[in-house]
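Close look at the chain arrangement
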Amino acid sequence: MNETSNVLETREKYRNWMNTALGAGIVLGVVGLLAGTVLERDPFVVLGVGVYWLGVLGYVAFKWRAPVDVRDEREARINREAAELTLDVFAALLIVAAPGLTVLTVTGVYEVPEFYWGMVTMLALVAMVVGVANWHTERKRT
Amino acid sequence: MNNDLPRRREERGLSQADLAGAVDVSRQTINAIERDRYDPSLELAFKLAAQFDCRIEEIFEPDDAET
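Rules of the game
Residues numbered from 1 in each chain as written. Chains lettered and ligands numbered in written order. Predicted model: local features only at pLDDT ≥ 70, side-chain atom pairs only at ≥ 80, totals over all residues. Heavy atoms only, no water. Helix = DSSP H or I, 4+ residues; strand = E, 2+ residues; numbered from the N terminus. Contact = heavy atoms within 4.5 Å. Buried area = accessible area lost by both parts, 1.4 Å probe. Salt bridge = Lys/Arg side-chain N within 4 Å of Asp/Glu carboxyl O. Polar contact = N/O pair within 3.5 Å; in protein donor to acceptor, adjacent residues only side chain to side chain. Nonpolar A, V, L, I, M, F, W, Y, C, P; charged D, E, K, R; others polar. Buried < 20%, exposed > 50% of the residue type's maximum accessible area, 1.4 Å probe, protein only.

Moving on: the environment of G48 of chain A. Residue placement: G48 of chain A occurs in helix α2 (residues 42-65). Placed eleven residues apart in sequence, G48 of chain A and T37 of chain A show a C-alpha to C-alpha distance of 11 Å.

What follows is the structure, encoded as structure tokens:
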């Protein structure tokens, strides 16, 4: 019995490529941002962001092109459960914040800064995307 | 779900990494299954059963079976 199968080797190889692409993108992006800020050269900042996006693109491309799943089933489940937990936290925040901020504004007790309304809007958008994704996934599985 | 994977694996003289390589998952996944921290998918359960030339229910047992 081989200690490491081809699937595991391929998975590891693609994960390394993905992480390298993302890591390089982040490091070079930060370097570009710092260089642009310190030297007061906007092109460096733009170049840094461009390289960062390329790194992210590389990450996605390697993941997409990998001939095997880059995560095994337990890792995929960990990811799903973490995502579920995140959505639960977001939902709790939305449930508390949306009516709470509305009451504060309507009663005039406190003038809620725009930032918080932006946050609530973002949470509501996430909830809508989850709804659509859920509907789409249910159609696929039914 | 309970399982006797460690016993079967050790009987065959396999390490967790060996078994992991044979069924295309990480060593950590085999470790988690053996410690009852993770229930494998049906597909993985079939692969494990095939490795040990037995049926799934000979390796895995639902928690209810204890009572």
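So much for the structure itself; the text now carries on.
For the rest of this paragraph, the subject is the interface of chain B and chain A. Across the boundary between the two partners, chain B contributes 19 residues, which contact 13 residues of chain A. Both sides together, the interface formed by chain B and chain A hides about 1,200 Å², and carbon and sulfur atoms give 53% of it. Run the count over chain B and chain A and you get zero salt bridges. Our count for the chain B to chain A interface comes out at six residue pairs in polar contact (both at pLDDT 80 or more). If you list the elements that add at least two residues to the side of chain B that touches chain A, you get α2 (16-23), α3 (27-34) and α4 (42-51) of chain B. Residue contributions to the side of chain B that touches chain A peak at six residues, all from α2 of chain B. When the residues that make up the side of chain B that touches chain A are grouped by side-chain class, the tally is ten nonpolar, six polar and three charged.

All names here are of chain B. Taken as a whole, this structure holds eleven salt bridges over all chains when the rule is applied. D24 is paired through a salt bridge with K47; the nearest N and O atoms lie 3.7 Å apart. In this pair, D24 is assigned in the loop between α2 and α3 and K47 in helix α4, connecting sequence segments 23 residues apart. K47 gets classed as partly exposed once you look at its relative accessible area, which sits at 31%. Each of the salt bridges in this network shares a partner with another, and the network as a whole consists of D4, R7, R8 and E11.

By themselves these figures say nothing about function.
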